[in-house]
Each structure stands twice: as C-alpha cells, then as structure tokens.
Amino acid sequence: MRTIGKYQIKGLLGKGGMGRVYKAVLPEVEKIVALKHLTPHEHMQQLLGKEQIDNLFFTEAQVLANINHPHVAGLLDFDYDESGRPFFVMEYLCMNLGDLIGETYDIEQPTRLLSPERATRYMDQTLAGLDRLHEAGIIHRDIKPYNILLTDDDRVKIIDLGLSRLRGEVKDLPETFKIGTPYYAPPEQERNPDQADERADLYSAAVMAWRMLTGTLPPEFDEPAPPSSVNPLLGDVWDEVLSRGIDADPARRFQNCAEMRVAITDAFAKWQKTIEQTCQWTPPESAYQKPAASQSPRKAPLKVRGNRALSVFGLDARHRPAAQMTGKFQKLDAHRVLDNAMGLIWQPSGSPYPLDWYSAQAYIDRLNKKDFGGIDRWRLPTVDELLTLLEPKTVLGDFCQPPIFDNQKNRLWSSDKKSFTAAWYVHTEMGYVDSQDRTCRFYVRAVADA
C-alpha cells in the first residue's frame with residue numbers, strides 16, 4: 001500500500017495544476033483525512049517555476065494553520081514525504097456544494113435548485129468564513145461551489161486557498177496564468193489578479209448564490225435577466241441583491257461581507273413573508289394508488305456502476321426520478337410508519353447520528369436484535385424504495401419528504417453499491433440520487449416489508 005509520510009493512501013480525491021488531494025488514513029488511530037501533496041504538473045512548473053509553486057503551496061498551508069474559524073477548513077498536519085516534497089493534512093469531508101447542486105465540467109449546464117432557506121444559510125456561512133479571511137488580509141480569489149465543503153451536520157467550510165493572496169501582496173505571476181474559475185471570477189480579477197480586493201470574493205459568492213437559487217449562471221457579457229424571471233418562486237425580492245452582487249464595477253457591489261450578509265438575510269425574510277412554504281402541496285388521491293406489481297419498488301440490492309445509474313434507477317439528467325411513485329403514509333406509532341401504497345414499514349426518523357455505510361448495516365442488525373417497533377426484519381432500503389419517500393412540492397420539480405418523516409435527516413444510505421468502495425444514497429430534500437465513498441457518513445432509515 002502506498003504511503004506519503006506516515007499516512008496510507010486510500011484513493012485520489014482530486015488533482016490540479018499544483019498538487020493532488022488524496023483520501024488517506026492515519027494508521028495508528030484509523031483516522032481518515034484529506035492529504036494535499038505538492039505534485040505540480042509539468043506545464044505548471046514551466047509556467048511558474050519551482051520557487052513560485054513552493055511559495056503558493058506554503059502560503060495555503062500557513063493560512064489554514066493560522067485561521068481558526070468554523071467555516072474555514074483547518075490544518076491538521078504538515079510534513080514532507082520521503083523525496084522531500086511537502087504535504088499537508090485537513091479534515092476529510094465527503095460532500096461539497098458542487099456535488100449537491102450537480103455542477104459538472106460542462107459548467108453552463110443547468111443545476112439543481114436549492115430552497116431559499118438552504119441557499120441563504122450556505123451563503124451566510126460562506127460570507128462569515130470570507131469575513132474572517134478578509135479580516136486577516138487574505139483574498140481567496142477562487143470561491144465556487146466545489147471549494148465549499150459541507151460537514152456531516154450540513155455546515156459550510158471554505159477550502160482551496162492555493163490561489164489566495166495577502167492584501168497588497170504582488171505575486172508577479174505570468175500574464176498567461178489565470179486566477180480563479182470562469183463565470184465565478186470577476187472581470188477585474190481576470191484583467192489583473194493582483195489588483196483584486198475583497199470585493200472580488202463577494203462577486204464570486206454572488207454568482208454562487210445566483211446558481212443556487214436559479215440553477216443557472218448569469219451570462220458573462222449580456223445584461224442578465226433578473227433571477228425572478230428564471231425561478232418565479234423567488235418573487236422579485238432577490239433581484240436587487242443578486243444583481244448588485246455581480247455588478248461588473250466593484251464600486252457598485254457590496255463593499256464588505258457584513259453588508260452583503262445583511263442584504264441576503266433581509267431578502268430571505270421578505271421572501272418568507274410573501275411566499276408560502278412550498279412543501280405543503282398535497283398530491284391528489286389518485287397519486288396514492290398502489291402501483292402494479294411490475295412497478296413495485298425493487299427490494300433486492302444491486303451493484304450499479306455510474307454509467308448505468310440513470311437507466312437502472314429511472315433518473316433524469318439531474319439524477320432525479322423521471323417518473324414518481326409516491327407512497328401513502330400512515331403513522332402507526334413512534335417507531336413505525338406504514339406505506340399503504342407500497343406495502344412497506346419505515347422508521348419515521350432513523351439513526352440518531354450519521355454513519356458510514358459499513359456501520360449502517362451494524363445499526364440495522366441492532367434494530368433487529370432488540371425487535372425495534374416489534375419488528376425483527378428491518379433492512380437497509382434500496383434506491384428505488386427511498387425514492388418513494390419523495391413528494392413533488394413545486395412545478396419546478398423540487399421534492400420533499402412528507403412531514404411524517406424527520407426532514408432534518410435527508411441524506412440517506414441505500415443498500416445499492418456502486419463499487420468495492422462506494423455506495424448509492426438519496427438526498428430526500430433535494431430529490432436526487434448520487435454515490436459516495438462508503439466511509440462517508442449519512443443517516444440510515446430502516447425499512448421492512450409490511
């Protein structure tokens with residue numbers, strides 16, 4: 001097994017021009033971590049040179065080591081490998097905002113919407129983390145969904161400060177070296193990265209908010225249509241906030257994180273007053289008819305590779321159910337919910353804490369040993385069964401769990417595997433199916449045949 005320093009490498013999480021990020025294990029205590037190793041691409045070495053690359057890497061490590069904030073990723077360790085190349089270690093978190101909304105390399109493709117409540121919460125936490133960086137004189141310069149990690153309890157942590165700089169610092173990088181990500185980087189940063197200030201990060205954050213609330217990106221060159229024209233459920237309360245945030249002129253944007261946080265929070269408060277909560281829609285009784293036997297949800301676990309997921313699970317391009325089978329739920333007691341349509345019994349809540357996939361089965365075994373709810377045949381549900389927990393809530397194709405279930409537990413493991421190391425899960429609030437490493441921690445909601 002390959003090692004870097006004292007860490008055992010379990011797999012590659014991502015790679016960029018300057019380094020690679022691995023899933024690693026500290027053997028003595030079996031702690032899973034994310035390890036970033038300085039392994040620059042040959043083209044990057046020719047473009048920047050060893051000294052500049054080393055400086056960028058060390059700067060990122062120093063920032064992480066010296067910033068202590070709940071919404072900025074922290075440094076756990078720094079060391080050198082056997083060949084003298086540096087690496088640093090961070091907390092390992094499975095989820096990020098890019099995965100949640102379904103952003104791909106084809107960045108212009110539409111993504112999944114977030115509810116205004118969730119988007120506001122993520123934005124407020126992102127801006128709180130940025131405010132801490134800015135207070136220390138640090139400009140991030142690459143805020144985007146994939147650099148926003150989500151913890152097990154659904155909090156934001158900002159990562160990837162490899163392109164950050166101190167206020168007033170000039171790195172003298174080659175003109176051909178671009179800082180930031182297309183669509184998310186503001187115009188002034190693309191022209192002259194060393195002149196970009198805190199307002200550049202606020203522009204990127206505003207584009208991210210636009211993406212979360214509309215599922216689209218504002219056009220780079222044309223005057224963007226207001227967000228309310230893309231997502232009518234927003235009303236017009238978000239139009240001024242988001243349009244101001246992505247203004248091409250930094251002087252017309254929000255000038256600091258505190259100002260933008262107030263504006264985002266106020267917009268959400270106004271939205272709450274004018275728009276009824278959309279998860280109160282009740283499907284017609286006809287939607288509750290028990291499906292034919294051939295349409296009953298699959299009970300036997302499968303191994304489904306990524307390229308077959310859409311067809312096997314019956315999903316659309318955004319990994320949401322193309323056709324919906326909704327259950328008819330009746331709460332029997334504190335431990336059991338009966339689905340009269342599908343002939344299933346569910347836990348109304350589930351595991352008290354998020355668990356990795358291996359611990360999920362152990363949790364099921366414990367339920368059966370103690371006859372939880374008078375049942376000893378609990379099992380981990382398939383993706384097909386979990387999808388029956390979803391109810392449409394808006395004309396835009398969003399989903400929710402019926403209120404009879406614990407809606408705080410919305411990332412649920414299935415029994416279906418993707419590979420030797422990954423399994424499939426369902427996000428019941430966002431209404432999509434995806435896979436993750438089995439060491440990730442999601443909730444478990446047990447099911448049994450009625």
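Quick caveat: nothing in here was measured; it's all calculated off a predicted structure. (Residues numbered from 1 in each chain as written. Predicted model: local features only at pLDDT ≥ 70, side-chain atom pairs only at ≥ 80, totals over all residues. Heavy atoms only, no water.)

A look at the sheet that holds strand 14 (residues 344–346)
Where we set the bar: A strand pair is defined by DSSP finding two or more bridges across the two strands. The helix count covers DSSP runs of H or I at least four residues long, the strand count covers runs of E at least two residues long, and both are numbered beginning at the N terminus. Geometry is summarised by axes, namely lines fitted to C-alpha atoms with helices restricted to the contacting stretch, and by angles between N-to-C directions that run from 0 to 180 degrees.
With antiparallel pairing, four strands are arranged side by side in an open sheet as 12-13-14-20. Looking at the sheet topology across the chains shown, the edges are occupied by strand 12 (329–333) and strand 20 (447–449). Averaged over neighbouring strand pairs, the angle between their axes works out to 30 degrees when direction is ignored. Pairing of strand 12 with strand 13 (residues 336–339), which is carried by four bridges, proceeds in the antiparallel orientation. Among the inter-strand pairings, Lys-331 is bridged to a residue of strand 13, identified as Val-337.

Quick look at the environment of Arg-445
For clarity, the cut-off: Think of it in three bands: with a 1.4 Å probe and only protein chains considered, a residue is buried below 20% of the maximum accessible area for its type, exposed above 50%, and partly exposed in between. In this description, contact between two residues means that some pair of their heavy atoms is separated by no more than 4.5 Å.
Secondary-structure assignment places Arg-445 in the loop between strand 19 (432–437) and strand 20. A relative accessible area of 1% means that Arg-445 is categorised as buried. Along the sequence, Arg-445 and Leu-386 sit 59 residues apart, while their C-alpha atoms lie 8.9 Å from each other. Apart from residues no more than four positions distant in its own chain, Arg-445 is found in contact with Trp-346, Gln-347, Pro-348, Ser-349, Gly-350, Pro-381, Leu-389, Gln-401, Phe-405, Asp-406, Lys-409 and Leu-412.

A word on the state of the cysteines
Applicable threshold: Cysteine sulfur atoms are paired as a disulfide whenever they come within 2.5 Å of each other.
As enumerated under the stated definition, the model contains one disulfide in all. Residue pairing for Cys-94: its cysteine sulfur links by disulfide to Cys-440, the two sulfurs lying 1.9 Å apart. In this structure, the disulfide formed by Cys-94 and Cys-440 twists by about -105 degrees around the S-S bond and is classed as left-handed. Placement of the pair is Cys-94 in the loop between strand 6 (86–91) and strand 7 (95–96) and Cys-440 in the loop between strand 19 and strand 20, with a sequence separation of 346 residues. A relative accessible area of 1% means that Cys-440 is categorised as buried.

Some points on the packing of aromatic side chains
We apply this condition: Aromatic rings from Phe, Tyr and Trp, taking only the six-membered ring of Trp, are treated as a pair when their centres fall within 6.5 Å; an angle between ring planes under 30 degrees marks them as stacked, one over 60 as edge-to-face, and anything in between as tilted. Put simply, a charge is over a ring when the Lys NZ or the Arg CZ is close to the ring centre, within 6 Å, and near the line of the ring normal, within 35 degrees.
Under the criterion given, the structure shown has twelve aromatic pairs. Considering the side-chain rings of Phe-78 and Tyr-80, the 5.6 Å spacing of their centres and the 90 degrees angle between planes classify their relative orientation as edge-to-face. By relative accessible area, which is 28% here, Phe-78 ends up partly exposed. For Tyr-80, a relative accessible area of 39% puts it in the partly exposed group. Relative to Tyr-432, the ring of Tyr-425 lies with its centre 6.2 Å away and its plane at 75 degrees, an arrangement referred to as edge-to-face. With respect to class, Tyr-425 is no different from Tyr-432; both count as buried. An aromatic cluster of at least three residues, connected via ring pairs, comprises Trp-413, Tyr-425, Tyr-432 and Phe-442. A cation over an aromatic ring shows up here: Arg-112 above the ring of Tyr-432, its NZ or CZ 3.6 Å from the ring centre.

Quick notes on the environment of Leu-56
For Leu-56, the position within the fold is in helix 2 (residues 50–66). A relative accessible area of 2% places Leu-56 in the buried class. Between the alpha carbons of Leu-56 and Leu-26 there is a distance of 26 Å; along the sequence they are 30 residues apart.

Some thoughts on the packing of helix 4 (residues 116–135) against helix 9 (residues 257–274)
Keep this limit in mind: What sets the label is the angle itself: under 35 degrees gives roughly parallel, over 145 gives roughly antiparallel, 65 to 115 gives roughly perpendicular, and the rest give oblique. Each residue receives one of three labels: charged for Asp, Glu, Lys and Arg, nonpolar for Ala, Val, Leu, Ile, Met, Phe, Trp, Tyr, Cys and Pro, and polar for the others, Gly being one of them.
The interhelical angle for the contact between helix 4 and helix 9, taken along N-to-C directions, is 170 degrees, at an axis separation of 9 Å. The angle between helix 4 and helix 9 places the two elements in the roughly antiparallel class. Facing Pro-116, Glu-117, Thr-120, Met-123, Asp-124, Leu-127, Ala-128, Leu-130, Asp-131 and His-134 of helix 4, the residues of helix 9 in contact are Cys-257, Met-260, Arg-261, Ile-264, Thr-265, Phe-268 and Trp-271. Of the residues that constitute the contact of helix 4 with helix 9, the class distribution is ten nonpolar, three polar and four charged.

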